[in-house]
Amino acid sequence: MSSPGANGIGKTLRITFSLRNTCRVNNILYALKQIPLIGRILPESLYQEAGLKILANVISVIWEIFAALVGKGLYFLILLGAAVLYPSPEKGPLFLYLMVVCTVIGGFVNTYMFNPTKDKYYALILLRMNARSYTLVNYGYAIAKLLAAYLLFGLLTGGLVHLPWWQRVLLPFFAAGVKLFAAAYMLRDYEKTGQASNENKVGALYWTALFVGLAAAFGLPALGIFLPETVSLIFMACCVAAGALSIVKILGFASYREMYQELLRDWMDQMDKSGASSGVSKTAMAARTQSEKAISMDAGITSSRKGFEYLNELFIKRHQRILWKASEKIAFVCLILVLAALLALWLYPAARPVTNELTLQFLPYFVFILYAINRGTGFTQALFINCDNSLLTYSFYKKPGQILKLFRIRLREIIKINLLPAFVIGAGLAVLLFASGGTDNPVNYAVLVVSVLCMSVFFSVHYLMIYYLLQPYTAGAEMKSGTYRIVLMLTYVVCYLMMQVQMPTLIFGLMTIVFCAAYSVIACVLVYRLAPKTFKLRL
Amino acid sequence: MNFIIDHLSKSFETKKVLRDISFTFESGKIYGLLGRNGAGKTTLFNCLNKDMKADGGSFYLEENGIRRNVEPDDIGYVLSTPTVPEFLTGREFLKFFLDIHGDEIENPQPLDAYFDFMSIEPEDRDKLMKTYSHGMKNKMQMLINVIARPNILLLDEPLTSLDVVMAEEMKELLRSLKTDRITIFSTHLLDLAVDLCDEIVLLSHGELESVDKSNLDDQEFKEKIIAALKEESL
């Protein structure tokens, strides 16, 4: 079989680039369309707009260059940093040693050829391009990018560890040699076993080798052990030679199509499945599978209630794992932490004043902690995917009275679920306050417990309210509401900023109690007013 | 009882999907809604089921000359992809539904009677619906939608993915249910439409028009429908 001619190479390259570019440009345009306000201004025909396309193309090209350079740049910086930080004075040989071990690991971990990407799926399976010329041209391009990046960073960083220029120039050829050899080796392996090695699906042996390799690279030099310069250089030269020989194997390999059809099997299956559910994204598919898996198959679960209480009780019981069990686990961990802190206070009385001050000053910190342990988003996602997604298509379920009845039940449930760990935290703080020397004002104890409970209620109300008011999911479980994302982000930012606040517990606690109570009342009023209109399927 | 749609319209940005829909549906009949891909059949159903807000126009029921709004209970909507709450068993879903409707249901029957009526096997009744096949989910969805005896039954390609036996059963069921209600049935299967429906309605250019069978035989009628659908793309 002959190699693709110059004409063929040019054509394959052109098609590959335009394919990859089109995907990227469309992804960029799609992302733009998802931004609230901006998305609304953009016309439906934006995929045809020449101006926008040029902009997206520019971003795409910059991304290509950036992606080619940034990974390698970081890689060189890490190795350089390690060489500088280790105590050995022989920086040059140490750098070479790190380069040798890490590049060999990288050669097998990141082969380009054995990574079944979406691009390859599009080109080889959907567009049925010639597998051999597609692979050779793209692989050649990947190797060329590698050479360029290694040369650039080799020249830049090599000087800092005093490598002579010829060693710096040797680096890219060494790296390419390793990659080529690894690819040829894996191709030969495929010929022998008929099994294509997928670099994303690896076994225990791989992880052990990776661990040993990294330990050798970064562990041994700490003990002052690494290869002498000459050995590294001879090894590198051998790799260059092996790489050159490997080119013959790579060019001569005859079964690229068969190999990729096996490697890309997962993509084909996935596309089949998502095609069946009207082209939903990978994340939405994952969310759906995850939520469906959360349903308990335990045949013993029943309920003696009626109507919506019946529906709710079965939902809660069948989602134990992500609701009560998760909350119990968190509560248990909190309890252990409180007990450990009590033990510490008892053993080290010196820690008491600090702890005492912490409980009296750092209540705002706990806003973030309660934010982090809240089950609200998991609850609403499961509610939608496993329950509302289907029931909202039935008209009886959409009647305003029924929506609100179920909202009340759900609010009660999610508050209960979140209260358990909150109670452990609140009571734990009060106990720690007492054990660390107590306080002059006993109101502090009550404020600690009540304000933490209020924070917990606040998050429960908050998440359920935004779910009912914004209902962010489409039928395919894709999160489509930009506003919902922004609200989630703001929630995070505000909670994060709370960690910076220092305020006496009494004041902050009382403020929290008032705020949470007011917020909950307002939220419920809003839901009662608006949810009958807003709580519906996104079409 | 008549179901009247009056100048209903719906656009997506600049694309006018429903231009000016006006039509009177009479109770006791099954209407076959035909249209090319993308003609707007599902959009029409979504507007009628109030899942989507129409841009203009209205629809209402008329009984003995008195107009009234269409309430949620008036409509049953069976989607082409069946949707049932996966965390419930068939029996639990049915019980929940009957609980909610309490005394509204005329002569309620034991749960198993409903399953028998729908030919859902005893061993499937207590399985979680997430393990149900497509056809089984479809039957459950249909069952829930018919128990409430809605005045208007909207069916979006309900038979397409059923096996031949199930599709026959479902056809019989629809025939048996048609008295006293309006059934609107969208499909791409011309034979099915001609076989099952009392009237054929085309959705083309964003408007609804009835195709008159007059004294044509089935074959001629089909040719007339195809000709009308082709005309649309000109």
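Reading the values: the criteria
Residues numbered from 1 in each chain as written. Chains lettered and ligands numbered in written order. Predicted model: local features only at pLDDT ≥ 70, side-chain atom pairs only at ≥ 80, totals over all residues. Heavy atoms only, no water. Contact = heavy atoms within 4.5 Å. Buried area = accessible area lost by both parts, 1.4 Å probe. Salt bridge = Lys/Arg side-chain N within 4 Å of Asp/Glu carboxyl O. Polar contact = N/O pair within 3.5 Å; in protein donor to acceptor, adjacent residues only side chain to side chain. Helix = DSSP H or I, 4+ residues; strand = E, 2+ residues; numbered from the N terminus. pLDDT = per-residue confidence, 0-100. Patch = residues over 30% accessible without salt bridge, like charges linked within 9 Å, V, L, I, M, F, W, Y side chains within 5 Å. Areas by Shrake-Rupley, 256 points an atom, 1.4 Å probe, with all protein chains shown as cover. Lys, Arg positive; Asp, Glu negative; His and termini not counted. Charge placed at Lys NZ, Arg CZ, Asp CG, Glu CD. Buried < 20%, exposed > 50% of the residue type's maximum accessible area, 1.4 Å probe, protein only. Axes fitted to C-alpha atoms, helices over the stretch in contact; angles between N-to-C directions. Parallel < 35°, antiparallel > 145°, perpendicular 65-115°, else oblique. Left-handed = near helix turned anticlockwise from the far one by under 90°. Nonpolar A, V, L, I, M, F, W, Y, C, P; charged D, E, K, R; others polar. Pairing = 2+ DSSP bridges. Expected span 1.5 Å × (residues − 1).

Draft legend 1. Main features of the interface of chain B and chain A. Facing 31 residues of chain B, the contacting portion of chain A comprises 35 residues. Interface area for chain B against chain A, summed over the two sides, is near 2,800 Å², with a carbon-plus-sulfur share of 62%. Among the residues of chain B in contact with chain A, B:Asp51, B:Phe87 and B:Phe96 are the three that bury the most area, contributing 25% of the side total. For A:Lys398, the salt bridge is made with B:Asp51, and the minimal N-O distance between the two is 2.7 Å. For the pair chain B and chain A, the number of links is 12 residue pairs in polar contact (both at pLDDT 80 or more). If you list the elements that add at least two residues to the side of chain B that touches chain A, you get strand 6 (75–78), helix 2 (90–101) and helix 4 (134–147) of chain B. Considering each element in turn, the side of chain B that touches chain A owes the most residues, eight residues, to helix 2 of chain B.

Draft legend 2. Highlighting the confidence of the model for chain A. In the predicted model, chain A carries a mean pLDDT of 87, and the fraction of residues at 70 or more is 96%. Summarising per-element confidence for chain A, the mean pLDDT is lowest in helix 11 (residues 265–276) of chain A (63) and highest in helix 9 (residues 229–252) of chain A (94).

Draft legend 3. Expanded view of a negative patch on the surface. Together, B:Asp20, B:Glu207, B:Glu209 and B:Glu231 give the surface a local cluster of negative charge. The class for B:Glu207 is partly exposed, based on a relative accessible area of 36%.

Draft legend 4. View of the packing of helix 4 (residues 91–109) of chain A against helix 8 (residues 204–218) of chain A. All names here are of chain A. In the contact formed by helix 4 and helix 8, the axes pass within 9 Å of each other and the chain directions differ by 165°. Here helix 4 is positioned roughly antiparallel relative to helix 8, judged by the angle of their axes. Taken as a pair, helix 4 and helix 8 cross one another with a handedness that is left-handed. Contacts from Tyr97, Leu98, Val101, Cys102, Ile105 and Val109 of helix 4 reach helix 8 at Tyr206, Leu210, Gly213, Leu214, Ala216, Ala217 and Phe218. In the contact of helix 4 with helix 8, the residues fall into 12 nonpolar, one polar and no charged.

Draft legend 5. Structural context of unusual backbone geometry. All names here are of chain B. In this structure, His7 is a non-glycine residue whose phi angle is positive, near 50°. With respect to the helices, strands and loops of the structure, His7 is situated in strand 1 (residues 2–12). On the accessibility criterion, His7 (48% relative accessible area) is partly exposed. Positive phi, normally seen in glycine, also occurs at Asp180, with a value near 65°.

Draft legend 6. Main features of the sheet that holds strand 8 (residues 182–186) of chain B. Residues and elements named next belong to chain B. With mixed pairing, the six strands of this open sheet are ordered in space as 6-7-8-3-9-10. Two strands in the sheet have a free side with no partner beyond their single neighbour: strand 6 and strand 10 (207–211). When strand polarity is set aside, the average angle formed by the axes of neighbouring strands in this sheet is 20°. With five bridges joining them, strand 7 (residues 152–156) and strand 8 adopt parallel strand pairing. Within strand 8, the residue paired with Asp156 across the bridge is Ser186. In this fold helix 1 (residues 41–48) packs onto strand 3 (30–34), strand 6, strand 7, strand 8, strand 9 (199–204) and strand 10, with an angle of close to 150° to the strand it touches most, strand 7. Contacts between helix 4 and the sheet are confined to strand 6 and strand 7, with strand 6 contributing the most and set at about 175° to the helix.

Draft legend 7. Examining helix 20 (residues 482–498) of chain A more closely. The end-to-end C-alpha distance of helix 20 of chain A is 24 Å, a good match for the 24 Å that 17 residues give at a rise of 1.5 Å each. Among all positions in helix 20 of chain A, only A:Gly482, A:Tyr484, A:Thr491 and A:Cys495 are buried.

Draft legend 8. The arrangement of helix 14 (residues 324–347) of chain A in detail. With 24 residues, helix 14 of chain A extends 34 Å from end C-alpha to end C-alpha; this agrees with the ideal 34 Å at 1.5 Å per step. Buried residues in helix 14 of chain A make contact with helix 13 (307–318), helix 15 (352–361), helix 16 (365–373) and helix 18 (400–435) of chain A.

Draft legend 9. Representation of the side chain of A:Thr505 within the structure. Locating A:Thr505 in the fold gives a position in helix 21 (residues 505–534). Apart from the residues lying within four places of it in its own chain, the contact partners of A:Thr505 are A:Thr359, A:Leu360, A:Gln361, A:Leu363, A:Asn444, A:Val447, A:Leu448 and A:Leu510.

Draft legend 10. Structural view of a positive patch on the surface. Residue and element names in this part refer to chain A. On the surface, Lys293, Arg321, Lys325 and Lys329 cluster together into a patch of positive charge. Mapped onto the elements of the fold, Lys325 is located in helix 14. The class of Lys325 is partly exposed, set by a relative accessible area of 42%.

Draft legend 11. Up close: the sheet that holds strand 1 of chain B. All names here are of chain B. Strand order in this open sheet of four strands is 2-1-4-5, and the pairing throughout is antiparallel. Every interior strand has two partners, whereas the edge strands, strand 2 (15–26) and strand 5 (66–69), have only one. Taken over all neighbouring pairs, the strand axes of this sheet differ in orientation by 25° on average, direction set aside. In the sheet, strand 1 pairs with strand 2 via eight bridges, with the strands oriented antiparallel. From the neighbouring strand, Ile5 faces strand 2, where its bridge partner is Phe23. Across the sheet, helix 1 lies against strand 1, strand 2 and strand 4 (56–63), angled at about 115° from strand 1, the strand it touches most.

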